[in-house]
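These are the residues of each chain, in order.
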Amino acid sequence: MARGEARLDGFTWKPLGRRDPVVAGLDLTVGAGERVLLVGPSGSGKSTILLGLAGALGASIAGELSGTASVDGRIGLLLQNPADAVVAEHLGRDVAFGLENLRLDRDEIWRRVDCALSSVGLPYGRDHPTGALSGGEQQRLALAGVLALEPDVLLLDEPTAMLDASTAATVRDAIVAGARGRTMIVVEHHIEPWLEHVDRVVVLSPGGEVVSDGDVAGFLAGPPPPGVWSPGMRTPEPLDVPTDLVRPAGPAPTVTLDGVSVDLVLRTLRGAQRTRALHDVTASLDPGSVTALTGPSGAGKSTALGVAGGLIAVVDGVVTPDLRRKRSRELAAAMGWVPQNPEHGFLTRTVADEVGHTARRLGTSVDVERVLEVFGLARFAPSNPYRLSGGEQRRLAIAAALAHRPGLVLLDEPTVGQDPVTWAAVAGWIAASAAAGATVGVSTHDAELPRDVEVRMAAGAIA
Ligand SMILES: Nc1ncnc2c1ncn2[C@@H]1O[C@H](COP(=O)(O)OP(=O)(O)OP(=O)(O)O)[C@@H](O)[C@H]1O
Ligand SMILES: [Mg+2]
């Protein structure tokens, strides 16, 4: 093998607790210096392939592995969920971590750290706390850690999925510059912006088989593969979700934020650090409509959503209704909430239990089977929520938060990681909830997601 080459030979992976393999007998060779875009529907095995090449399957993730996966040279792996990659309290130490393991000398480490942080467009210094980063910023921090390693082979799992278009462009440029002369395999659902930067496109079927593999011109000349956001394709029609699944079971409130300011306080061993996350924000969410909070990475969208849901205290201004006064059971009944990293909040052992959980606690009932059907998760009913793919976990989190039909629906980046088919399900659920009378707020950088009102934010304020 040449340095920088990556290879799968007869690669088969059957995770513990699953009847059929996720990928079976897969052969794939990526030459040194080649840049490959790996695409396919949610759940098709993209992350599995990257983890296989990185040697993470079998060792830390239980299952049956056969065939071989080999990489010649140093690997830089960017995980799909960037929060999983944070290792240190401050940005500088976090990026330095991998470099310290390479035993580089101190000056070289810090030179690379500063260079990597600025290349991904993180405007903070080495001493900024990692706990104070937004989801998109965490993603860029993780990428900085990977690029700083100057690996021979870059394995990048949806590196721009959580970013707005302009931040994504900056990050893509950083990746392209960092990948020069190296091997790169990048997974992404929205493929168009990558096509000019790759040599080859590999497409997976829903069942994890390679259905096409060739250069970009060949890919563009062929028929658009199903389950992939192909260049120039029309936005899919949101799924027509039956009203009885989404009609609010209780009142749908008008939520208003009036001159709201928020300080996020980060407590560490060395004391507390305050960051002003929102400044004098006035906005409202109305019943029967979808309000989209938009704006660049780090603009305060998630914080504003958290304030509307009574999950974050304000230092100034008034929020009505004041959901912070509600007991947790009342709050759960009134509001469905999906955070930006929903995969951290699963409470039960199976997908079916997860969807029925809130209703059971409230003493009501939901039609779990039909809800799972809408979200394309029916075959995972007995599976462990934590074993699902990134896109599947996000859909499960939405299903679990909304199955009991709350009047207030607050979703942080609900369409991240979805293919056109699963996107239509998520968009359909959102649209149907509002049409049935719910108050819906979403934070999103997805320009295609239907909305009635848009509130643009920048730097913690209404833009
Ligand atoms: N332990 C497990 N039990 C059951 N299913 C599993 C297990 N581990 C992985 N899977 C399944 O393997 C399939 C492939 O997962 P993978 O994460 O590779 O998909 P992906 O193509 O990256 O999807 P996404 O676009 O949603 O990130 C998914 O359907 C996932 O649910
Ligand atoms: Mg994945």
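Residues numbered from 1 in each chain as written. Chains lettered and ligands numbered in written order. Predicted model: local features only at pLDDT ≥ 70, side-chain atom pairs only at ≥ 80, totals over all residues. Heavy atoms only, no water.

## A few points about the coordination of the magnesium ion (ligand 2)
Donor atoms from the polypeptide that coordinate the magnesium ion (ligand 2) comprise Ser47 (OG) and Gln80 (OE1), at 2.0 to 2.2 Å from the metal. Here Ser47 is found in helix 1 (residues 46–53), whereas its partner Gln80 is found in the loop between strand 5 (75–78) and helix 2 (91–101), with 33 residues between them in sequence. (Donors = N, O, S within 2.8 Å, 3.2 Å for Na, K, Ca; no water. Helix = DSSP H or I, 4+ residues; strand = E, 2+ residues; numbered from the N terminus.)

## Some remarks on the domain arrangement of the chain
Here the chain is partitioned into domain 1 (6–221) and domain 2 (243–462). Averaged C-alpha coordinates put domain 1 and domain 2 at centres separated by 28 Å. Listed per partner, the contact involves 26 residues of domain 1 and 28 residues of domain 2. Where domain 1 abuts domain 2, roughly 2000 Å² becomes buried across the two surfaces, and 47% of that area is made up of carbon and sulfur atoms. Joining domain 1 to domain 2, the criterion identifies zero salt bridges. Along the contact surface separating domain 1 from domain 2 lie seven residue pairs in polar contact (both at pLDDT 80 or more). In terms of residues, the side of domain 1 that touches domain 2 owes the most to one element, helix 4 (residues 135–148), which gives five residues. Of the residues in the side of domain 1 that touches domain 2, the class split is seven nonpolar, 12 polar and seven charged. (Domains from an automatic or database assignment. Contact = heavy atoms within 4.5 Å. Buried area = accessible area lost by both parts, 1.4 Å probe. Salt bridge = Lys/Arg side-chain N within 4 Å of Asp/Glu carboxyl O. Polar contact = N/O pair within 3.5 Å; in protein donor to acceptor, adjacent residues only side chain to side chain. Nonpolar A, V, L, I, M, F, W, Y, C, P; charged D, E, K, R; others polar.)

## As for the pairing of strand 9 (residues 210–215)
Both strand 8 (residues 200–204) and strand 9 contribute to a ladder of five bridges, which runs antiparallel. Its bridge partner being in strand 9, Arg200 is matched across the sheet by Asp215. The antiparallel hairpin formed by strand 8 and strand 9 contains five residues in its connecting segment, where Gly208 sits at a positive phi of about 85 degrees. (Pairing = 2+ DSSP bridges.)

## Side note on the sheet that holds strand 11 (residues 271–285)
An order of 11-10-13 is seen for the three strands of this open sheet, with the pairing classed as antiparallel. If you trace the sheet from one side to the other, it starts and ends with strand 11 and strand 13 (316–320), each paired once. When the angles between neighbouring strand axes are averaged without regard to direction, this sheet yields 40 degrees. Across four bridges, strand 10 (residues 255–268) lies against strand 13 in antiparallel orientation. (Axes fitted to C-alpha atoms, helices over the stretch in contact; angles between N-to-C directions.)

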